[in-house]
Amino acid sequence: MGDAESGDEMTTLITIDPGASGGIAWTDGDVVNASKMPDGMAAQIDHIRMIAAINPGATAIMERVGGYMPGNAGPGAVKFARHCGHIDAALYCLGIPTEQVGAQTWMKVCGPLPSGMDAACKRARKNAIKDAVARRFPHLTVTLATADALGILWWGMARQNG
């Protein structure tokens, strides 16, 4: 966090949980914001452009998502990979330095979470993340769409603060 006496300011973070059911979170000064992923590439890029215009010098963190997972349909995996590439390219073209973080890394800020890959466990983990993030950012209405982006933001802010 910035120190008013030293003149240091916290760099604006834009964090992205890619995917149609994902979200975007960002800091605007000391204010934390979040929105669900806009529909369509043009709307997504416009949203990121608007955040960057209001917050010059922003940096981004995007969740590193895996490639093809056995059992997933190939065309769906290709569509998702293209979507992630579009977001990455938009950040690049807007001059926003971007890094990626794996889910196992950023999720640690949420505390102990249910583990496992079956549907019930995944649902319980998503809800536990949503609850932890809602406690961390009580001024926001946290949804399943915004919870992961806010979790990534929480992780990025903690790292920025040392």
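Numbering of residues starts from 1 in every chain and runs along the sequence as written. Restriction of local features to residues with pLDDT of at least 70 applies here, the model being predicted, together with a cutoff of 80 or more for giving and counting side-chain atom pairs; totals for whole chains, interfaces and linings are based on all residues. Based on all heavy atoms of the structure, the side-chain values leave hydrogens and waters out of the count.

Side note on the sheet that holds strand S1 (residues 13–17)
1) Next: Strands qualify as paired when DSSP identifies two bridges or more between them. For the purposes of this entry, the term helix denotes a DSSP run of H or I that reaches at least four residues, the term strand denotes a run of E that reaches at least two, and both are numbered from the N terminus. The mixed open sheet is built from 5 strands, whose spatial order is S3-S2-S1-S4-S5. For this open sheet the edge positions go to strand S3 (31–36) and strand S5 (98–102), each flanked by a neighbour on one side alone. Taking the axes of each pair of neighbouring strands and ignoring which way they run, one obtains an average angle of 20 degrees across the sheet.
2) Next: Bridge analysis of S1 against strand S2 (residues 23–28) gives 4 bridges, and the strand direction is antiparallel. Each residue of the ladder has a partner; that of Ile 14, found in S2, is Trp 26.
3) Next: Relative to S1, helix H5 (residues 144–160) is tilted by about 140 degrees, and along the sheet it contacts S1, S2, S3, strand S4 (59–64) and S5. Simply put, an axis is a line fit to the C-alpha atoms, just over the touching stretch for a helix, and the angle between two N-to-C directions goes from 0 to 180 degrees. Contacts were defined at the residue level, with two residues in contact if any of their heavy atoms lie within 4.5 Å.

A closer look at the confidence of the model for the protein chain
1) Next: On a scale of 0 to 100, pLDDT captures the predictor's confidence in every residue. Counting all residues, the mean pLDDT for the protein chain is 90, and 91% of those residues have values of 70 or more.
2) Next: Every residue in residues 1–8 is under pLDDT 50, and counting partners more than four places away or in other chains gives 7 contacts.

Section: the layout of surface pockets
1) Next: The rule is simple: put a 1 Å grid over the protein atoms alone, call a set of points where a 1.4 Å probe fits but cannot get out a cavity, call an open set with protein on both sides within 12 Å along at least five of seven lines a pocket, and count a residue as lining if it has an atom within 4 Å of a point. Grid points are joined across faces, edges and corners, and a volume is the space filled by probe spheres set on the points. By volume, the largest pocket amounts to about 1,200 Å³.
2) Next: What lines the largest pocket is a set of 35 residues, among which Glu 63, Val 65, Ala 103, Met 117 and Lys 122 lie closest to the centre.
3) Next: Where the lining of the largest pocket is concerned, the elements lending two or more residues are S4, helix H2 (74–93), helix H3 (103–106), helix H4 (119–136) and H5.
4) Next: Residues that form the lining of the largest pocket fall into these classes: 16 nonpolar, 11 polar and 8 charged.
5) Next: Forming the walls of the second largest pocket are Gly 19, Ala 20, Met 37, Pro 38, Asp 39, Gly 40, Gln 44, Lys 79, Phe 80, Arg 82, His 83 and His 86.
6) Next: Among the elements that line the lining of the second largest pocket, the one with the most residues is H2, at 5 residues. Put simply, Ala, Val, Leu, Ile, Met, Phe, Trp, Tyr, Cys and Pro go in the nonpolar bin, Asp, Glu, Lys and Arg in the charged bin, and everything else, Gly too, in the polar bin.

A look at the environment of Arg 136
1) Next: Assignment of secondary structure puts Arg 136 in helix H4.
2) Next: Between the alpha carbons of Arg 136 and Cys 84 there is a distance of 27 Å; along the sequence they are 52 residues apart.
3) Next: Not counting residues within four places of it along the chain, the set of residues in contact with Arg 136 comprises Trp 154 and Met 157.

Digging into the pattern of salt bridges
1) Next: Should a side-chain nitrogen of Lys or Arg be within 4 Å of a carboxyl oxygen of Asp or Glu, the pair is scored as a salt bridge. Going through the model one piece at a time under the given rule, you end up with 4 salt bridges.
2) Next: For Asp 46, the salt bridge identified is with Arg 49, shortest N-O distance 2.7 Å. Highlighted residues: Asp 46 and Arg 49, both in helix H1 (residues 41–54), separated by 3 residues, approximately one helical turn.
3) Next: A relative accessible area of 41% places Asp 46 in the partly exposed class.
4) Next: With a shortest N-O distance of 3.0 Å, Asp 148 and Lys 126 are connected by a salt bridge. One end of the pair, Asp 148, is in helix H5; the other, Lys 126, is in helix H4, with 22 residues separating them in the sequence.
5) Next: When its relative accessible area of 29% is taken as the criterion, Lys 126 is described as partly exposed. Note on exposure labels: buried denotes an accessible area under 20% of the residue type's maximum, exposed denotes more than 50%, and partly exposed covers the range between, all computed with a 1.4 Å probe on protein chains only.

Some words on the packing of H1 against H2
1) Next: Close contact between H1 and H2 brings their axes to 10 Å; oriented N to C, the two are set at 35 degrees. As for how H1 packs across H2, the hand of that crossing is right-handed. When H1 is examined against H2, the residues Met 41, Gln 44, Ile 45 and Ile 48 are found in contact with a partner set consisting of His 83, His 86, Ile 87, Ala 90 and Leu 91.
2) Next: Of the residues belonging to the contact of H1 with H2, the class tally is 6 nonpolar, 3 polar and no charged. Note on convention: near helix rotated counterclockwise from far helix by under a right angle means a left-handed crossing. Clockwise means right-handed.

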